[in-house]
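Residue-level structural notes
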Amino acid sequence: MQTTGPVLHRGSQRGLTRVEFAVSAAVCAVLAGLFLGVLLYYQELGEKTEVELTILNIRSGLRYRVADRMMNGNLNELAVSIAGNPVRFLATPPAGYVGELRDYASDAVGK
């Protein structure tokens, strides 16, 4: 007589044992830690690059301002430009820029 239905073999198992689960969880944790370390490195590298590009843009703006003053014969206006805020030479200020420090109360800085 034949039986209908699933035939279970002795010794067959379904799923993971506790040791297999612990090993796979440890491997996943190590890979996640490595990924987060690489992610933080590239985030820092991106921020550093953004700061360097902002500085280069400010330098270019200052050079153009000096060249314009020299071409127009207004060298006496350079002293006014030196005392001013160089961020105004940029098309748009950097993200998070709140203005000159003397324009804000001390509690507004760093928020």
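Quick look at the structure, then. (Residues numbered from 1 in each chain as written. Predicted model: local features only at pLDDT ≥ 70, side-chain atom pairs only at ≥ 80, totals over all residues. Heavy atoms only, no water.)

1. As for the overall build of the protein
From N to C terminus, the protein includes two helices and zero strands. Counting only residues that meet the buried cut, the protein has 9% of its 111 residues in that class. Taken as a whole, the protein presents about 10,100 Å² of accessible surface, with 62% of it coming from carbon and sulfur. (Helix = DSSP H or I, 4+ residues; strand = E, 2+ residues; numbered from the N terminus. Buried < 20%, exposed > 50% of the residue type's maximum accessible area, 1.4 Å probe, protein only. Areas by Shrake-Rupley, 256 points an atom, 1.4 Å probe, with all protein chains shown as cover.)

2. Some remarks on the packing of aromatic side chains
Overall, the coordinates contain one aromatic pair when judged by the stated rule. Look at Y41 and Y42: their rings are 5.1 Å apart centre to centre, the planes differ by 70°, and that puts the pair in the edge-to-face class. In this structure Y41 comes out as partly exposed when scored by relative accessible area, which is 49%. (Phe/Tyr/Trp six-rings, centres within 6.5 Å; stacked < 30°, edge-to-face > 60°.)

3. Considering helix α1 (residues 18-72)
Across its 55 residues, α1 extends 80 Å between first and last C-alpha, which sits within 8% of the 81 Å expected from 1.5 Å per residue. For α1, the complete set of buried residues consists of T54, I58, G61 and R69. Where α1 terminates, the next one or two residues include G73, which has phi positive at roughly 75°. (Expected span 1.5 Å × (residues − 1).)

4. Some details on the pattern of salt bridges
Within the structure shown, the criterion is met by one salt bridge. The salt bridge involving D68 is made with R69; its shortest N-O contact spans 3.3 Å. (Salt bridge = Lys/Arg side-chain N within 4 Å of Asp/Glu carboxyl O.)

5. A look at the environment of L62
Mapped onto the elements of the fold, L62 is located in helix α1. When the C-alpha atoms of L62 and F89 are compared, they prove to be 7.2 Å apart, with 27 residues separating the residues in sequence. Contact partners of L62, with chain neighbours within four places excluded, come to P86 and F89. (Contact = heavy atoms within 4.5 Å.)

6. Let's talk about a nonpolar patch on the surface
Among the surface-exposed residues, V19, V23, V27, V30, L31 and L34 lie close enough to one another that they form a single nonpolar patch of about 580 Å² accessible area. With respect to the helices and strands, V27 occurs in helix α1. (Patch = residues over 30% accessible without salt bridge, like charges linked within 9 Å, V, L, I, M, F, W, Y side chains within 5 Å.)

7. Observations concerning the side chain of N85
With respect to the helices and strands, N85 occurs in the segment after α2 (78-83). A distance of 3.1 Å separates a polar side-chain atom of N85 from the backbone nitrogen of V87. Engagement of the side chain of N85 in a polar contact is seen with the side chain of Y97, the distance being 2.6 Å. (Polar contact = N/O pair within 3.5 Å; in protein donor to acceptor, adjacent residues only side chain to side chain.)

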